[in-house]
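An overview of the molecular structure
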Amino acid sequence: RQVAVKVIRASRRDSQFTHRFEAERQALARMSHPGIAQVYEAGDTEDGQLFFAMEHVPGEPITDYCDRERLTIDQRLELFVEVCRGIHHA
């Protein structure tokens, strides 16, 4: 399967940065919502870089999608509400 990978170079690692990265990974791993990408794997690379692999979600800017599909104001607001539900879940 195709995934998106987030990697943090070992040169950027300090205890505070590592803590924030780990908190982000754990928060994403706990979430189960159709509007939030799923984390599949996390860990360290052989050379000590932190990473996590998550669901790849291809897409385009929401405004481009709305314009291309010629969504009405009501349809755009419905889409916006869906996005807000994902954010609220997070």
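Residues numbered from 1 in each chain as written. Predicted model: local features only at pLDDT ≥ 70, side-chain atom pairs only at ≥ 80, totals over all residues. Heavy atoms only, no water.

1. Some details on the pattern of salt bridges
Two side chains of opposite charge can pair, provided their charged atoms sit close to one another. Per the counting criterion, the structure on display carries four salt bridges. Glu 69 is the salt-bridge partner of Arg 68, the closest N and O atoms lying 2.5 Å from each other. Accessibility expressed as a relative area gives 48% for Arg 68, which makes it partly exposed. A relative accessible area of 38% places Glu 69 in the partly exposed class. (Salt bridge = Lys/Arg side-chain N within 4 Å of Asp/Glu carboxyl O. Buried < 20%, exposed > 50% of the residue type's maximum accessible area, 1.4 Å probe, protein only.)

2. A look at the packing of aromatic side chains
The way to describe two aromatic rings as a pair is by their centre distance and the angle between their planes. Applying the stated criterion to the full structure yields one aromatic pair. Measuring from centroid to centroid gives 5.2 Å for Phe 21 and Phe 52, while their planes differ by 35 degrees, and the two rings are tilted. On the criterion of sequence distance, the pair formed by Phe 21 in helix α1 (residues 15-30) and Phe 52 in strand β3 (residues 50-55) is long-range, its members being 31 residues apart. Judged by its relative accessible area of 0%, Phe 52 is buried. Positioned over the ring face of Tyr 40 is Arg 1, at 3.8 Å from the centre of the ring. (Phe/Tyr/Trp six-rings, centres within 6.5 Å; stacked < 30°, edge-to-face > 60°. Helix = DSSP H or I, 4+ residues; strand = E, 2+ residues; numbered from the N terminus. Lys NZ or Arg CZ within 6 Å of the ring centre and 35° of its normal.)

3. A look at the sheet that holds strand β1 (residues 3-8)
Note: strands within a sheet are paired through backbone hydrogen bonds, in either parallel or antiparallel orientation. The antiparallel open sheet is built from three strands, whose spatial order is β1-β3-β2. Here the strands that pair on one side only, and so sit at the sheet edges, are β1 and β2 (39-44). Along the sheet, successive strands turn relative to each other by an average axial angle of 15 degrees, direction set aside. Bridging between β2 and β3 involves five bridges; their strand directions are antiparallel. From the neighbouring strand, Gly 43 faces β3, where its bridge partner is Phe 51. Of the strands in this sheet, β1, β2 and β3 touch α1, which is tilted by about 20 degrees from β3. (Pairing = 2+ DSSP bridges. Axes fitted to C-alpha atoms, helices over the stretch in contact; angles between N-to-C directions. Contact = heavy atoms within 4.5 Å.)

4. What to know about α1
The first and last C-alpha atoms of α1 sit 22 Å apart over 16 residues, in line with the 22 Å expected at 1.5 Å per residue. Residues of α1 that are buried include every one of Phe 17, Phe 21, Arg 25 and Leu 28, and no others. Burial along α1 is one-sided: seen end-on, the buried residues are contained in an arc of 70 degrees. Looking at α1, the residues exposed on the side facing more than 90 degrees away from the buried face are Ser 15, Gln 16, His 19 and Arg 30. Buried residues belonging to α1 abut β1, β2 and β3. (Expected span 1.5 Å × (residues − 1). Arc of directions from axis to C-beta.)

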